[in-house]
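Coordinate analysis (summary)
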Amino acid sequence: MSRRSYGQFCGLARALDIVGDRWNLLIVRELLPGPLRYGELKASLPGVASNLLAERLRTMEDTGVVERVLGDAGILYGLTRWGAELQEPMEALGRWGVPLLATGRGDDEFRPRWLTLALPAILRGRTTTTPVEVGFEVEGLLIVLRIDADGPSTRIGNDHLPETVLAAEADTVVGLVAGALTVDQALDAGELRGEADALRRAFV
């Protein structure tokens, strides 16, 4: 398959040859937490045309970023090991873009799943010798944030529920994690299940 290329002997240029097309990095964002069915992937990318998504996935399969795997629910799209290495540069780009969120959500689309990339990106470099886990429930999705000696990480799911879960709007969660809101302000804006101690230890 012929692809457009910058034609430059540069790692950044060659990376952009593969993931620089519109929607490609957002496809990677969706697949970083884990594989998805085609319908789930399309639903999580509002605005993408079905034929364009299919073409992007084919191209990313050809270049070794995405692979199809067989799961209990049928065919799933997931990242290859090489594709998953995009997490670090994407976190850096997302962290660079955080100030652009200051204007608020407005009419923009939002999916809680996107926080799985945003939260570790904002907290990059934060470590603790005593691990702490807190859950954030945003629009019905539970995101578990863990901070330990290796830094921050997130996962999705209801298995191994943390003792502390804050149900809140996305802007409250982002504000707390980014330091724009105190723990008390976040508690006032949300609904806490469990003790607030874990939140205070995570976001002193």
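About the cut-offs
Residues numbered from 1 in each chain as written. Predicted model: local features only at pLDDT ≥ 70, side-chain atom pairs only at ≥ 80, totals over all residues. Heavy atoms only, no water. Pairing = 2+ DSSP bridges. Helix = DSSP H or I, 4+ residues; strand = E, 2+ residues; numbered from the N terminus. Axes fitted to C-alpha atoms, helices over the stretch in contact; angles between N-to-C directions. Parallel < 35°, antiparallel > 145°, perpendicular 65-115°, else oblique. Contact = heavy atoms within 4.5 Å. Nonpolar A, V, L, I, M, F, W, Y, C, P; charged D, E, K, R; others polar. Core = buried A, V, L, I, M, F, W, Y, C linked by side-chain atoms within 4.5 Å. Buried < 20%, exposed > 50% of the residue type's maximum accessible area, 1.4 Å probe, protein only. Patch = residues over 30% accessible without salt bridge, like charges linked within 9 Å, V, L, I, M, F, W, Y side chains within 5 Å. Areas by Shrake-Rupley, 256 points an atom, 1.4 Å probe, with all protein chains shown as cover. Salt bridge = Lys/Arg side-chain N within 4 Å of Asp/Glu carboxyl O.

So, the pairing of strand 2 (residues 74–79)
As defined by bridge partners, strand 1 (residues 66–71) adjoins strand 2 across six bridges and the pair is classed as antiparallel. For Glu67, the partnering residue across the bridge sits in strand 2 and is Gly78. Between strand 1 and strand 2, which pair antiparallel one after the other, the connecting turn spans two residues.

Looking at the packing of helix 2 (residues 24–31) against helix 4 (residues 50–62)
Contact geometry for helix 2 and helix 4: axes closest at 10 Å, N-to-C directions at 80°. In terms of orientation, helix 2 and helix 4 fall into the roughly perpendicular class. Residues Asn24, Ile27 and Val28 of helix 2 pack against Leu53, Arg56, Leu57 and Met60 of helix 4. Residue classes in the contact of helix 2 with helix 4 are distributed as five nonpolar, one polar and one charged.

A short note on the nonpolar core
Membership of the largest hydrophobic core comes to 28 residues, with the highest contact counts inside it found for Val134, Phe136, Leu166, Leu176, Val177, Leu199 and Phe203. It is helix 8 (residues 170–178) that contributes the most residues to this core, five residues altogether. Excluding its chain neighbours within four sequence positions, the residues that come into contact with Phe136 are Leu119, Leu141, Leu142, Ile143, Leu145, Leu166, Val173, Leu176, Val177, Leu199 and Phe203. Of all hydrophobic cores here, the second largest spans 21 residues; its members include Ile18, Val48, Leu53 and Leu57.

Description of a nonpolar patch on the surface
Together, Tyr6, Leu12 and Leu16 make up a nonpolar patch on the protein surface, roughly 320 Å² of accessible area in all. When you line up the elements, Tyr6 lands in the segment before helix 1 (11–19). On the accessibility criterion, Tyr6 (51% relative accessible area) is exposed.

Some points on the pattern of salt bridges
Opposite charge on two side chains allows them to pair when their charged atoms are near. All told, the structure shown has 16 salt bridges when counted by the stated rule. A salt bridge links Glu133 to Arg155; the shortest N-O distance between them is 3.7 Å. A residue pair is termed long-range when its members are at least 10 positions apart, and Glu133 in strand 3 (residues 132–138) and Arg155 in strand 5 (residues 151–156) qualify at 22 residues. Ionic pairing is found between Asp184 and Arg200, a salt bridge with its closest N-O pair at 2.9 Å. You can see Asp184 sitting in helix 9 (residues 183–189) and its partner Arg200 sitting in helix 10 (residues 197–202), a full 16 residues away along the chain. Judged by its relative accessible area of 42%, Asp184 is partly exposed. With a relative accessible area of 38%, Arg200 lands in the partly exposed category. Salt bridges sharing common partners tie together Glu133, Arg146, Asp148 and Arg155.

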